[in-house]
Amino acid sequence: MTVYDALRDTLRSQEPVALATVIEGPHLGAKLLVRPAALPIGTLGNGDLDRVVARDALGELEAGLTSTRHYGVHGEARERVVSVFIESFALPPRMIIFGAVDFTAALARVAKVLGYRVTVCDARAVFATVQRFPMADEVVNDWPDRYLTKVGDELGPLDAVCVLTHDHKFDVPAIAAAVRTNVGYLGAMGSRRTNEGRLERLRDAGVPEAEIARVMSPIGLDIGARTPEETAISICAEIIASRTGRPSQSLRGTSGPIH
C-alpha cells in the first residue's frame, strides 16, 4: 500500500493521521504517514530521521497543529539540513455535555458552530432524547462516570467536558472521572455556593487538590451572561481562551454575582 492509498483510506474512515513531507534537503518530496497505534508508512530517507519525525508528528497530531520542523540528516535537533512539513488531519474536537438541562441545547448549538462533535449525556432517559437535542451528534443515556470510563482515553487537549447537571450525585462522579483524562477543558455550572459544596464533596471523594484546580467553576467568562445563549457564548469563549492561553476574566477568578 502506498502512502497516498493509506492516507485516502484513513481519511475515509475518519481516523486521525499526519503526513510528513521533506520540503528541503536530501530526499526532497519523500513522505512518511503517521497514525496513532500503527506503524508509519513510507520513509524520509533513513530510519533515524523517520523515528524522530514520527514522534514529532504524533505530538502535532494530538495538538491538531500543522507545522514545518527542521532536523539534521539523521534527525538531529537544532540543525536545519532537512526541513519537514508535518500536516495534521485531526478529528474534530469533542465536547461532552453532562446534563440534559435548558442550557445544554444552547451550548450544543454554539459548540457545533465552532466545529465540535457534541455528545449530550444524562442518565435520565426521559430528558436526554434526540428530540430535545437534535443539534447534538450523539445523545447518550448513561451515568457520566460510567460513560467517561468508556471514552475517557480518547479525550485530548482540544476536547472539552462541560458539567451542567446541578446535581451532586451526577456532577461529582462526572468531575472525578473527567480529571483523570487528558481533556483540555473541564468546566462545571452552578452558583458560587453550589460550587463550594461541590468542591468539598470532591475532596471527600479523594480527588487531589491539583486535579480539582483543573475545574473551571462557576463555568464561563464573566461577561454578564443571563440567557442560555449568552451563557453558552461565555462558556465557549472561556474554552477558546483556555486553549490559546490568552488572559481572560473567568467567573472562577471573580467574587461578584454570576449574572
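All figures in this text were calculated on a predicted structure; none of them were measured in a lab.

1. A closer look at helix H4 (residues 144-151)
Logical step 1: Those residues of H4 not exposed but buried are Pro144, Tyr147, Leu148 and Val151. Axial view of H4: buried residues confined to an arc of 100°, hence all on one face. H4 presents Thr149 and Lys150 as exposed residues on the side facing more than 90 degrees away from its buried surface.
Logical step 2: Contacts made by the buried residues of H4 are with strand E6 (94-98), strand E7 (117-121), strand E8 (138-140) and helix H5 (168-178).

2. Let's talk about the pairing of E6
Logical step 1: With five of five residues buried, E6 lies mostly within the body of the structure.
Logical step 2: In E6, alternate side chains face the same way, and those of Arg94, Ile96 and Phe98 on one face and Met95 and Ile97 on the other are all buried.
Logical step 3: In the sheet, E6 pairs with E7 via five bridges, with the strands oriented parallel. Among the inter-strand pairings, Phe98 is bridged to a residue of E7, identified as Cys121.
Logical step 4: Each parallel crossover has a hand, and for E6 linked through helix H3 (residues 102-113) to E7 it is right-handed.
Logical step 5: Across four bridges, E6 lies against strand E9 (residues 160-163) in parallel orientation. For Met95, the partnering residue across the bridge sits in E9 and is Ala160.

3. What about the sheet that holds E9?
Logical step 1: An order of E8-E7-E6-E9-E10-E11 is seen for the six strands of this open sheet, with the pairing classed as parallel. Either end of the sheet is taken by a strand with one partner, and the two such strands are E8 and strand E11 (215-216).

4. A closer look at the packing of aromatic side chains
Logical step 1: For the structure on display, the rule yields two aromatic pairs.
Logical step 2: Between Phe98 and Tyr147, the aromatic rings sit 6.5 Å apart at their centres with planes inclined by 80°, giving edge-to-face as the arrangement. Residue Phe98 is located in strand E6, and its partner Tyr147 is located in helix H4; the two are separated by 49 residues in the primary sequence.
Logical step 3: Phe98 gets classed as buried once you look at its relative accessible area, which sits at 0%.
Logical step 4: Between Trp143 and Phe170, the ring centres sit 4.9 Å apart and the planes meet at 25°, which makes this aromatic pair stacked. With Trp143 in the loop between E8 and H4 and Phe170 in helix H5, this pair connects stretches of sequence that are 27 residues apart.

So, how was this worked out
- Residues numbered from 1 in each chain as written.
- Predicted model: local features only at pLDDT ≥ 70, side-chain atom pairs only at ≥ 80, totals over all residues.
- Heavy atoms only, no water.
- Buried < 20%, exposed > 50% of the residue type's maximum accessible area, 1.4 Å probe, protein only.
- Helix = DSSP H or I, 4+ residues; strand = E, 2+ residues; numbered from the N terminus.
- Arc of directions from axis to C-beta.
- Contact = heavy atoms within 4.5 Å.
- Pairing = 2+ DSSP bridges.
- Right-handed = clockwise from strand over helix to strand, strands pointing away.
- Phe/Tyr/Trp six-rings, centres within 6.5 Å; stacked < 30°, edge-to-face > 60°.

Remember that the coordinates give geometry; whether it matters functionally is a separate question.
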